[in-house]
Amino acid sequence: MKKIIKFALVIFGIIVIINVAKYNNPPQGDATSVRPELLPPPTTGKSGEWAPYSANPILSVTKPPAGLAKSVSDKAFVQLWNDPSVIKEGGGYSMWAALSTTGGPKGVEVYKLTSDDGLNWTVANGGLSVLKPGAKGQSADWYGVETPAVVKAGGTYHMYYTIYKDGNYPIASTAHATSPDGINWTKKGELTSITSMVGNPGGNPWGWLARAEPAITYVNGTFYLYLTDVKCRIEGCKGSPKAYRGISLFTSKDGHSFTQTGSQPVLLQTASYPASQNWEGYSTPWVYHNGQTFELYVDVWKSIGDQSNQTTFAHYRSNDGINFTEIDTNFINEKSQSWAGQSVRAPSVIEDGGKVKMWYAGDALIPGNSDADDIKSGKQQVGIGYAEKTL
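Residues numbered from 1 in each chain as written. Predicted model: local features only at pLDDT ≥ 70, side-chain atom pairs only at ≥ 80, totals over all residues. Heavy atoms only, no water.

Quick word on the pairing of strand β4 (residues 92-100)
With nine of nine residues buried, β4 is to be regarded as a mostly interior element. Of the two faces of β4, the one carrying Gly 92, Ser 94, Trp 96, Ala 98 and Ser 100 and the one carrying Tyr 93, Met 95, Ala 97 and Leu 99 are both buried. As judged from the eight bridges shared by strand β3 (residues 80-89) and β4, these two strands associate in the antiparallel manner. By the bridge assignment, Lys 88 is partnered in β4 with Tyr 93. Here β4 pairs with strand β5 (residues 109-115) via seven bridges, running antiparallel. (Buried < 20%, exposed > 50% of the residue type's maximum accessible area, 1.4 Å probe, protein only. Helix = DSSP H or I, 4+ residues; strand = E, 2+ residues; numbered from the N terminus. Pairing = 2+ DSSP bridges.)

Dropping the structure here:
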């Protein structure tokens, strides 16, 4: 199953193999929570063209955020920052991001970070995580919590996040939590109104391999939740590419009980990404509403030999949140910058100050050929990058 479908944090699974092979215990040492230097302002490219930040990544093993609790940094084998969810608040920015300190998907936690400029980040909550996995046998999310997507509706923050239900990695589902301040969260549980098919392959339904990796926006009293839906392209996952990935829409008035729009994804791979060229489809969406249109960003998976990876981004637009038109493709990909030379994924996008700003995850890890020391030293990068363009 692991070779059939991999998710946004597939990178962690790769690193687990490396870690176990080289180390029996995570090292204790001189990890620090003080960022060594501030990153300079970005230089925007030509009007309307995306420009990746020249000092990417902005968060990584070698560029940790300020303020991470010493109790976390001292016990961390590595700091693998992933899956940013950014919103504009006041005069600055808030980010919720997944962090693995072990190199694997098990035990991943969500942290909140803040920034004045979107480049230099400080961990909130005294440097500790704001959402942890629950207790094994008592909570469906005990294996790990990741790919957070946060929206504020009225005075309440809502977080939707990926779980591996009852530890059934890599079969992925979605859970929900609420907060008055973005730091103290109350878990509301799995979204069982829309996840009954997860892990149930009979009939090869959309979502049985994954109904997860959420994107959320709140428009005129309605929550619009977009999820990565994954099934086998052919029942039994035969042929190539094996996985079929689309983006499905679910709506809700209360933020927890959702109803699917239609019976299949509202966004399926276009002619820009044909299956005949081993494109699997879309995942890890991000959506916002700018007062006129729904702007949907996705990463795109491709099968390369016996591996699959997210290698590029695409942008779609809709007036109603259901019918989307392709706006841009391949504007940032695995060839854009060497630090993310193998994968780009999990875009988080806002419009701000006459610009479109995007935070995203990436890495340069070669599947099956990545060395733990190279990861820890930063020779092979894993982290979060930034890009922008003018409106």
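Observations concerning the sheet that holds strand β7 (residues 146-153)
If you walk across this open sheet you meet the four strands as β7-β8-β9-β10, and the pairing is antiparallel. Of all strands in the sheet, those bounded by a partner on one side alone are β7 and β10 (186-190). Here the average twist between neighbouring strands, direction ignored, is 20°. Here strand β8 (residues 156-163) pairs with strand β9 (residues 173-179) via seven bridges, running antiparallel. Its bridge partner lying in β9, Tyr 157 is registered against Ser 179. (Axes fitted to C-alpha atoms, helices over the stretch in contact; angles between N-to-C directions.)

Brief notes about the pattern of salt bridges
One pass over the full model with this rule turns up eleven salt bridges. With a shortest N-O distance of 2.8 Å, Lys 357 and Asp 352 are connected by a salt bridge. Residue Lys 357 is classed as buried on the basis of its relative accessible area of 12%. Residue classification places Asp 352 among the buried positions, given a relative accessible area of 14%. Glu 388 serves as the salt-bridge partner of Lys 355, at 3.1 Å between the closest nitrogen and oxygen. Here the residue Lys 355 occupies a position in strand β20 (residues 355-363), and Glu 388 occupies one in strand β21 (residues 382-390), the gap between them amounting to 33 residues. For Lys 355, a relative accessible area of 24% puts it in the partly exposed group. Taking the relative accessible area as the measure of exposure, Glu 388 reaches 2% and is therefore buried. Several salt bridges converge on common partners, so that one network encompasses Lys 88, Asp 352 and Lys 357. (Salt bridge = Lys/Arg side-chain N within 4 Å of Asp/Glu carboxyl O.)

Here's the deal with the sheet that holds β3
Strands sit in the order β3-β4-β5-β6 across an open sheet of four strands; the sheet is antiparallel. The sheet terminates laterally at β3 and β6 (122-123), the two strands that pair on one side only.

Digging into the side chain of Ser 318
In this fold, Ser 318 is placed in strand β17 (residues 307-318). With relative accessibility at 2%, the residue Ser 318 sits in the buried group. A distance of 2.8 Å separates the side chain of Ser 318 from the side chain of Asp 320, its partner in a polar contact. Looking at Ser 318, its side chain comes within polar contact range of the main-chain nitrogen of Ile 322, at 3.3 Å. In contact with Ser 318, other than residues within four places in its own chain, are Thr 293, Phe 294, Asn 323 and Phe 324. (Polar contact = N/O pair within 3.5 Å; in protein donor to acceptor, adjacent residues only side chain to side chain. Contact = heavy atoms within 4.5 Å.)

Quick word on the pairing of strand β13 (residues 243-252)
Along a regular strand, successive side chains alternate from one face of the sheet to the other. Here β13 lies mainly inside the structure; nine of its ten residues are buried. In this structure, strand β12 (residues 222-232) lies alongside β13, joined through ten bridges in antiparallel fashion. Its bridge partner being in β13, Val 230 is matched across the sheet by Arg 245. One ladder, built from two bridges, connects β13 with strand β14 (residues 259-260); its direction is antiparallel.

Quick look at the nonpolar core
Counting 23 residues, the largest nonpolar core has Ile 58, Trp 81, Met 95, Leu 113, Trp 121 and Trp 359 as the members making the most contacts within it. Where this core is concerned, the elements lending two or more residues are β3, β4, β5 and β21. If one sorts the elements of this core by residue count, β4 sits on top with four residues. The residues contacting Met 95, other than those within four sequence positions of it, are Leu 59, Pro 84, Ser 85, Val 86, Tyr 111, Lys 112, Leu 113, Trp 121, Trp 359 and Ile 384. Formed by 19 residues, the second largest nonpolar core is a distinct cluster that contains Val 219, Tyr 224, Tyr 226 and Ala 314. (Core = buried A, V, L, I, M, F, W, Y, C linked by side-chain atoms within 4.5 Å.)

Looking at unusual backbone geometry
Each neighbour pair has its own omega, and for Asn 56 with Pro 57 the value is -5°, a cis peptide bond. Looking at the element boundaries, Pro 57 is found in the loop between β1 (51-52) and β2 (59-60). In this structure, the amide linkage connecting Tyr 169 to the following residue, Pro 170, adopts the cis form with an omega of 10°. Within the secondary structure, Pro 170 sits in the loop between β8 and β9. For Asp 83, which is not glycine, the phi torsion reads 55° and is therefore positive. As for its position among the elements, Asp 83 is in strand β3. Even without glycine at this site, Cys 237 takes up a positive phi of about 55°.

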